[in-house]
Amino acid sequence: MSGPVEAGAAGARTLAEVADTEDLGRELAATLRAGDLVILDGPLGAGKTAMARGIGAGLQILGRVSSPTFIIAREHRPSRPGLPGMIHVDAYRLGGLDELDALDLDSDLTGAVIVVEWGEGVAERLADRHLRVRLRREPESDVRRAEWEWVDH
């Protein structure tokens, strides 16, 4: 395991269990503020929803975080005033930029952290900067590898 997550820094970590993925999400959440965009990239089963659960727990949002595949986007309110909410989006079924625009997510950036699964190549334009988290599953194993970095555009 690598060292602690630092705000604005890149990093990588091996995640032996789902709980490790959620724990990393909590650590990343400690560096996030309302207005931040997080894009989770990785194949099916890589741990994107587990990472989103950890981020939600770290942000102390209300409600259970589960995959928003069928509803596309789910809003989670903050547990108390002064904390950001979280908008959890699954971009897998979106047909392109027009459908993403129809969700009007850029207006939610002021009061929430937006976490987008399957968002690479689609969601970057929502903000001038985003946290990209790439998750990969080791072949024939439950071990995952996470790499994260802030990307300016």
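Residues numbered from 1 in each chain as written. Predicted model: local features only at pLDDT ≥ 70, side-chain atom pairs only at ≥ 80, totals over all residues. Heavy atoms only, no water.

Let us now look at the overall build of the chain. Scanning the chain from N- to C-terminus turns up three helices and seven strands. In the chain, the order of α-helices and β-strands from amino to carboxyl end is β-α-β-α-β-β-α-β-β-β. Within the chain, the fraction of its 153 residues that count as buried is 45%. Relative to all contacts within the chain whose residues are 6 or more apart in sequence, the contacts with residues 24 or more apart total 60%. Total accessible area on the chain stands at roughly 7700 Å², and carbon and sulfur atoms take up 48% of it. (Helix = DSSP H or I, 4+ residues; strand = E, 2+ residues; numbered from the N terminus. Buried < 20%, exposed > 50% of the residue type's maximum accessible area, 1.4 Å probe, protein only. Contact = heavy atoms within 4.5 Å. Areas by Shrake-Rupley, 256 points an atom, 1.4 Å probe, with all protein chains shown as cover.)

Tallied over the entire structure, the rule returns zero aromatic pairs. The aromatic ring of Trp118 is capped on one face by Lys48, whose charged end is 4.0 Å from the ring centroid. (Phe/Tyr/Trp six-rings, centres within 6.5 Å; stacked < 30°, edge-to-face > 60°. Lys NZ or Arg CZ within 6 Å of the ring centre and 35° of its normal.)

All right, on to the environment of Pro4 then. Relative to the helices and strands, Pro4 resides in the segment before strand E1 (11-15). C-alpha of Pro4 to C-alpha of Leu24: the two residues are 20 residues apart in sequence and 9.2 Å apart in space. Filtering out sequence-adjacent residues up to four positions away, Pro4 remains in contact with Arg13 and Glu27.

In this structure, Val38, Ile55 and Val133 are the most contacted members of the largest nonpolar core, which totals 24 residues. Where this core is concerned, the elements lending two or more residues are helix H1 (18-29), strand E2 (37-41), helix H2 (48-59), strand E5 (112-117), strand E6 (129-137) and strand E7 (144-152). Sorting elements by how many residues they give to this core places H2 first, with four residues. When residues no more than four places from it in sequence are discounted, the contact partners of Val133 are Leu28, Val38, Ile39, Leu40, Asp41, Met51, Glu147 and Trp148. One finds Ile114, Val116, Ala123 and Leu126 within the second-largest nonpolar core, a separate group that totals eleven residues. (Core = buried A, V, L, I, M, F, W, Y, C linked by side-chain atoms within 4.5 Å.)

Attention now goes to the packing of H1 against H2. Axis separation between H1 and H2 bottoms out at 7 Å; the angle between their running directions is 45°. It follows that H1 is oblique to H2 by the angle criterion. For the element pair H1 and H2, the recorded crossing hand is right-handed. Of the residues in H2, those touching H1 at Val18, Thr21, Glu22, Leu24, Gly25, Arg26, Leu28 and Ala29 are Ala50, Met51, Arg53, Gly54, Ile55, Ala57, Gly58 and Leu59. Residues that form the contact of H1 with H2 fall into these classes: nine nonpolar, four polar and three charged. (Axes fitted to C-alpha atoms, helices over the stretch in contact; angles between N-to-C directions. Parallel < 35°, antiparallel > 145°, perpendicular 65-115°, else oblique. Left-handed = near helix turned anticlockwise from the far one by under 90°. Nonpolar A, V, L, I, M, F, W, Y, C, P; charged D, E, K, R; others polar.)

Bear in mind that shape data such as this cannot, by itself, settle questions of function.
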